[in-house]
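# Descriptive structure summary
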Amino acid sequence: MTEQPWVSGGATPDPNARETTVTTADGRTLGVAEYGPPDGFPVFSLHGTPGCRYGGPPVDHPGLFEERSVRVIGYDRPGYGLSTRAPGRSVADAAADVAAIANALGVERFAVQGGSGGGPHCLAVAALLADRVTRAACVVGVAPLGDTGLTQEEWLEGMTQGNVDEFLPSLAGEDALRPRLETLATDELTAAVDDPANIIGPQYELSADDRAVLADPRRMDRHVRMVQEALRSGVDGWLDDDLVIVRPWGFDVGAVGVPTMVWFGLDDRLVGRPHGEWLAAHVPHAHVVRMTGGHTSLTHRIPELYDWLVDGTLPADATRG
């Protein structure tokens, strides 16, 4: 078979990560990367869309995981990186995969956080593994679409044109979406080599704050690794993420019963403000932070996120949803 141009073959391994794979009950492989002290408090970190297991300590606070004694566990959702694709998966299925990884690693209780496309999956874990999750944080997360969430007009409000052009084909299904993502993947992988400063693409107009964050060479290096590893075998993970986000999620957001924070940016052009406001209103008893800035605004406040996840300390500007 001829290799397709959007297949990266994988990234250079992250030297900061402890890596392993886990086999699920149905025989799939899940790629896992851990950071921080092995005996630290476990926090599952669920990546965005597209994304992969590689996260690593925040570049502005490289010793944070050791300072907070936190063991951060990332994994490739099905179809990304080293993880076997699971066609037809739902957002809710993330709970079983997280449980399988936790069992394999000997972790009983843990916190969970998810950003952007990882936000819905984080809420699924919080709702469906309530007996194991201590706290959750949904960061610039996506809201449901349709009868259980936002209307299509609300869902797309404030989104940059690149995201609109990506998600509209999602509504039509895999055959319509795949060519769009293959084009985007080619562009991103080319940018990763030729022009990392423009890696997210010119069709994705971002806030000034987001552009400043992404211009940091340290973050560009990490983003290049993430993109290359996410698309190791193609676009299947990205495609399935986009499909499950616009379909019924398979669980009720109102069933989240663990202490949860919702963070969102007031000038977010990737996941518009209506998403954050909807989640703030519908995640039961949520603590909410409305951040000045865009999609990457939490970058400046990562220590506050882990203070919440580890011991429940709230930021000064947190309010009730």
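Keep in mind it's a predicted model, so treat the numbers as computed, not measured. (Residues numbered from 1 in each chain as written. Predicted model: local features only at pLDDT ≥ 70, side-chain atom pairs only at ≥ 80, totals over all residues. Heavy atoms only, no water.)

Moving on: the packing of helix 5 (residues 161-172) against helix 9 (residues 236-246). At their nearest, the axes of helix 5 and helix 9 sit 9 Å apart, and the two run at 75° to each other. Regarding the angle of helix 5 to helix 9, the classification is roughly perpendicular. Contacts between helix 5 and helix 9 involve Glu166, Phe167, Ser170 and Leu171 from the former and Trp238, Asp242, Leu243 and Val246 from the latter. When grouped by side-chain class, the residues that make up the contact of helix 5 with helix 9 number five nonpolar, one polar and two charged. (Axes fitted to C-alpha atoms, helices over the stretch in contact; angles between N-to-C directions. Helix = DSSP H or I, 4+ residues; strand = E, 2+ residues; numbered from the N terminus. Parallel < 35°, antiparallel > 145°, perpendicular 65-115°, else oblique. Contact = heavy atoms within 4.5 Å. Nonpolar A, V, L, I, M, F, W, Y, C, P; charged D, E, K, R; others polar.)

Scanning the model with the defined rule gives four aromatic pairs in all. The ring centre of Tyr54 lies 4.5 Å from the NZ or CZ of Arg53, which sits over that ring. Directly above the aromatic system of Trp308 lies the positively charged group of Arg135, at a separation of 5.9 Å from the ring centroid. (Phe/Tyr/Trp six-rings, centres within 6.5 Å; stacked < 30°, edge-to-face > 60°. Lys NZ or Arg CZ within 6 Å of the ring centre and 35° of its normal.)

Before going further, it helps to examine the pairing of strand 4 (residues 70-75). Along any regular strand, the residues point their side chains to alternate faces of the sheet. Of all six residues making up strand 4, six are buried, and the element is well covered by its neighbours. The side-chain alternation of strand 4 yields two buried faces, one formed by Val70, Val72 and Gly74 and the other by Arg71, Ile73 and Tyr75. As paired strands, strand 2 (residues 29-35) and strand 4 are joined by four bridges and run antiparallel to one another. Residue pairing across strands places Ala33 opposite Gly74, the latter belonging to strand 4. Summarising the sheet, strand 3 (residues 41-46) and strand 4 pair through five bridges and their orientation is parallel. Paired with Ser45 across the strands is Gly74, a residue of strand 4. (Buried < 20%, exposed > 50% of the residue type's maximum accessible area, 1.4 Å probe, protein only. Pairing = 2+ DSSP bridges.)

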